[in-house]
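Okay, here's what each chain looks like letter by letter:
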Amino acid sequence: VTELTGLDPKFVKESGGRLETQAFLREEFRETGKLGSRYDPNVTAYDPFPYNPTQQTNDPILLSIIAPTTTAMVDWVTKTVGWKTDARYNALSDEVARAWDRNSRSGAFGGSASATDLRVAVATDPKLRVVIAHGWADLSCPFMGSVLTVSQMPIMGDPTRVAVHEYPGGHMYYARLGSSLALRKDVLDMVIKH
């Protein structure tokens, strides 16, 4: 693991060779005093508390986008949609996140509910085609999860009906022009096959 990651052998040993994502992102950039983002490790920001044993600040991407996206959303909802409310808009709600029930509907085959739903949808509609898209550097939604999920599905007709595509970039890979154009091409290719 040390050879693959370049991390300090002592840190890897103390982690038992199993690196938690946030711990990896702190350790990877420790010498520069920065943190990497779980959404795209190529994006970093200074760690305001680099000597604390655990991370004390939010993700570098989230820190930089919450205010502008909240402002844009409130503007769109009130001016474009025309919905006026005195309620507060939260881009990310800790209260909602804590209440999220991740176990109420597990998949019938030991996987996630969405993987089960995908299997059923593909079996039900023989014309259905699916593109699952990921950024290579997205540690919050790693592409290998989708690759493994799709590889475990039985082939139902054309084996290319469900395809996983990876593109340069992180969680919002489509913000890169090259990745956006590649996604567009892959989606058009899928639509043409339909």
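Up top is the structure.
We now turn to the structure provided with this report.

## Observations regarding the overall build of the protein
Turning to step 1, where the next piece is worked out: Looking only at helices and strands, the protein features eight helices and four strands.
Turning to step 2, where the next piece is worked out: Here the C-alpha radius of gyration of the protein, 20 Å, is well above what a compact globule of 194 residues would show, namely 16 Å.
Turning to step 3, where the next piece is worked out: Principal axes of the C-alpha set define a box for the protein whose edges measure 55 × 55 × 40 Å.
Turning to step 4, where the next piece is worked out: For the protein, buried positions account for 25% of its 194 residues.
Turning to step 5, where the next piece is worked out: Across the protein, every contact between residues at least 6 apart in sequence was considered, and the portion connecting residues at least 24 apart equals 45%.

## Remarks on the pairing of strand S3 (residues 130-135)
Turning to step 1, where the next piece is worked out: Of the pairings in the sheet, the one linking S3 to strand S4 (residues 162-167) comprises six bridges and is parallel in character. Bridged to Ile132 within S4 is Val164.
Turning to step 2, where the next piece is worked out: You can see the chain leave S3, run along helix H7 (residues 143-151) and come back into S4, and the turn it takes is right-handed.

## What to know about the environment of Thr54
Turning to step 1, where the next piece is worked out: Position of Thr54 relative to the elements: it lies in the loop between strand S2 (44-46) and helix H4 (60-81).
Turning to step 2, where the next piece is worked out: With 32 residues separating them along the chain, Thr54 and Gln22 place their C-alpha atoms 9.1 Å apart.
Turning to step 3, where the next piece is worked out: Reaching out from Thr54, the side chain makes a polar contact with the side chain of Gln56 at a distance of 2.9 Å.

## What about a nonpolar patch on the surface?
Turning to step 1, where the next piece is worked out: A cluster of nonpolar side chains, namely Trp76, Val81 and Trp83, defines an oily patch on the protein surface of about 360 Å² accessible area.
Turning to step 2, where the next piece is worked out: Structurally, Trp76 is set in helix H4.

## So, the nonpolar core
Turning to step 1, where the next piece is worked out: Leu118, Val122, Val130, Ile132, Val150, Met153 and Val162 form the largest nonpolar core, which has seven residues in total.
Turning to step 2, where the next piece is worked out: Of all the secondary structure elements, the ones that give two or more residues to this core are helix H6 (113-124) and S3.
Turning to step 3, where the next piece is worked out: In contact with Ile132, not counting residues within four places along its chain, are Leu118, Ser146, Val150, Val162, Ala163, Val164 and His165.
Turning to step 4, where the next piece is worked out: Core analysis: the second largest hydrophobic core is formed by six residues, Phe11, Val12, Leu25 and Phe29 among them.

Conventions used here
- In every chain, residue numbers begin from 1 and rise along the written sequence.
- With the structure being a predicted model, the display of local features is reserved for residues of pLDDT at least 70 and the display and counting of side-chain atom pairs for 80 or more, all residues being used for whole-chain, interface and lining totals.
- Values shown for side chains rest on all heavy atoms present in the structure; no hydrogens or waters enter the calculation.
- Helix numbering and strand numbering both begin at the N terminus, where a helix is a DSSP run of H or I of at least 4 residues and a strand a DSSP run of E of at least 2.
- It is over C-alpha atoms that the radius of gyration is taken, and the globule rule equals 2.2 Å times the number of residues to the power 0.38.
- To sort residues, take the accessible area from a 1.4 Å probe on protein chains only and compare it with the maximum for the residue type: under 20% means buried, over 50% means exposed, and anything in between is partly exposed.
- In what follows, a contact means two residues having at least one pair of non-hydrogen atoms within 4.5 Å.
- Two strands make a pair as long as DSSP finds a minimum of two bridges between them.
- Classification remark: right-handed applies to a crossover when, strands pointing away from the viewer, the course from the first strand over the helix to the second runs clockwise.
- Any pair of N or O atoms that falls within 3.5 Å is considered a polar contact. Within protein, one atom must be able to donate a hydrogen and the other to accept it, and sequence-neighbouring residues count only if both atoms are side-chain atoms.
- Exposure above 30% relative accessible area and the absence of a salt bridge qualify a residue for a patch, where like charges join within 9 Å and nonpolar side chains (Val, Leu, Ile, Met, Phe, Trp, Tyr) within 5 Å.
- To be clear on the numbers: accessible area is Shrake-Rupley with a 1.4 Å probe, and residue cover counts the displayed protein chains and nothing else.
- In what follows, salt bridge is the name for a side-chain nitrogen of Lys or Arg lying within 4 Å of a carboxyl oxygen of Asp or Glu.
- Among buried residues, the Ala, Val, Leu, Ile, Met, Phe, Trp, Tyr and Cys ones that are joined through side-chain atoms within 4.5 Å form a nonpolar core.

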